[in-house]
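Given next are the chains, with one letter for each unit.
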Amino acid sequence: MTSYLSNLFRLFAFNHKFSVDSSKQQLFLKKSLVPLLQTFEQENDNSLDEDDLRKMRSYGVAIPSMLGEAFCELRGRKMTERERYAITYLGSLTGLFDDLFDRRDLSDDYIRQMLEAPENYTPANTNEKLMQALYQKVFEYTGKEIAIKTAALKVYEAQVRSRRQKNGHLSADELKQITFDKGGVTMQIYRLAFEGEPDAVEQELLYRMGAIGQLENDIFDVYKDFQDKIVTLVTLSNDMRKLNDFYNDLIRNVLSLIDKTAYADKNKHYFRLFASLVMSRGLVALKPLIKLQTLTQNIFTLNRYSRTQLICNMETRGNVFRLLHYAAKCAKK
């Protein structure tokens, strides 16, 4: 049994571990990703901009030092150097991959060719050359080329379907499937950076964690998505209380799946805390949205609220304490 107070104390200690792991990964980035980026910057034809480079460095630190390290705690073994290279390159690819759909004027068939047979296509610019190089380095360090390509194509299919969210008329069920697949399959692909093959329970856990992560992003992006006319489960909803219930059900599902994994109990407890901390950010962001709808006859009406009302600042002291409170409560057994 774990108590609220013991969870709270351990969560306070997480900040130090995250800081140490992040510093370690930043040093690793200097010998792995940065030299590669510098090579491509020298031949840049302006297709690779500062925003691309910033996101690559950011994801190249955050994904290995948080998600990667948390998984290693769950399995009970430290990250090997090959795994660190693989998850670093996979993480840094995230921003470039998303931009293929969001910022680049590329056909779906062209993107599919890039992912399906990177060795057989000729990149059109520096941006694509860098993506090709990173993608092939993932193959090199994982030894899982077929599995990586298969998973990448699943993410591609989810991204293609997500185009319908722009000015789309989608049902809640369609949006749920798109949301789950975008986040869930991406989480599964990160697992491929590590040794071993996940069993069915772990695969489902990864999928559900990715799904709730995507929904959490949509909660934080509600103002931006509404302005950009992108339909999500959040912008479609007229009752944040129901969305909050749905979100809590997903949290319980994830925590239940963690308990069902074959890993050691003490490792599962650490991962429960980590997952609870990450997922509870969505609960913090939902709280003011629930309050907002009381101003509009208990119907969530996006065109009645301001940007300030819809954007959640997680840096405030109040929200930091709310996050720790929700996470400690979620992780109780």
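First, a word on scope: everything that follows refers to the structure included in this document. No experiment lies behind these values; they were computed from the predicted model shown.

Turning our eyes to something else, we now look at unusual backbone geometry. In this model, N46 sits at a positive phi of 75°, which is unusual for a non-glycine residue. Take N46: it is sitting in the loop between α2 (33-42) and α3 (50-75). For N46, a relative accessible area of 71% corresponds to the exposed category. Unusually for a residue other than glycine, N298 sits at a positive phi of about 60°. Here N298 lies in the loop between α13 (265-292) and α14 (307-310).

Below, the discussion takes up the packing of aromatic side chains. If you walk through the whole model with that rule in mind, you get 16 aromatic pairs. Aromatic ring contacts, followed pair by pair, group F14, F18, Y270, F271 and F274 into a single cluster. One residue, R84, lies across the ring of F28, its end atom 6.0 Å from the ring centre. Over the ring of F220 we find R281; its NZ or CZ atom is 4.5 Å from the centre of that ring.

All right, on to α3 then. In an α-helix, one turn spans 3.6 residues; hence positions three or four apart end up facing the same way. Under the 1.5 Å per step criterion, the end-to-end length of α3 is 36 Å for 26 residues, consistent within 8% with the ideal 38 Å. Note on α3: the residue one or two positions beyond its end, G76, has a positive phi of about 85°.

As a further point, take helix α15 (residues 317-330). Along its 14 residues, α15 runs 20 Å from first to last C-alpha, staying within 8% of the 20 Å computed at 1.5 Å per residue. Where α15 is concerned, the buried positions are N319, L323, L324, Y326, A327, A328 and C330. Elements that come into contact with the buried residues of α15 comprise α1 (4-31), α12 (240-260) and α13.

With that settled, the discussion passes to the nonpolar core. If you look at the biggest cluster of nonpolar residues, it comprises 108 residues, and the most contacted ones within it are L130, L134, Y247 and F274. In terms of residue count, the dominant contributor to this core is α13 (13 residues). Beyond its immediate chain neighbours, meaning those up to four positions away, F274 contacts F14, F18, M66, L67, A70 and M209.

Per the stated rule, a full pass over the model turns up 27 salt bridges. Put simply, K149 and E119 hold a salt bridge, and the shortest N to O gap is 3.4 Å. Pair noted here: K149 is in helix α7 (residues 145-162) and E119 is in the loop between α5 (108-116) and α6 (126-142), with a separation of 30 residues, a long-range link. We classify K149 as buried; its relative accessible area is 13%. You can call E119 partly exposed: its relative accessible area is 42%. The partner of K268 in a salt bridge is D265, with the nearest N and O atoms 3.6 Å apart. Remark: D265 and K268 occur in helix α13; sequence separation between them is three residues, near one turn of the helix. A relative accessible area of 9% means that K268 is categorised as buried. D265 sits in the exposed class, given a relative accessible area of 62%. One continuous salt-bridge network, built from bridges that share partners, spans D51, R54, K55 and D99.

Reading guide: rules and limits
- Residues numbered from 1 in each chain as written.
- Predicted model: local features only at pLDDT ≥ 70, side-chain atom pairs only at ≥ 80, totals over all residues.
- Heavy atoms only, no water.
- Helix = DSSP H or I, 4+ residues; strand = E, 2+ residues; numbered from the N terminus.
- Buried < 20%, exposed > 50% of the residue type's maximum accessible area, 1.4 Å probe, protein only.
- Phe/Tyr/Trp six-rings, centres within 6.5 Å; stacked < 30°, edge-to-face > 60°.
- Lys NZ or Arg CZ within 6 Å of the ring centre and 35° of its normal.
- Expected span 1.5 Å × (residues − 1).
- Contact = heavy atoms within 4.5 Å.
- Core = buried A, V, L, I, M, F, W, Y, C linked by side-chain atoms within 4.5 Å.
- Salt bridge = Lys/Arg side-chain N within 4 Å of Asp/Glu carboxyl O.

Note that every value here comes from positions in space, so none of it alone points to a role or purpose.
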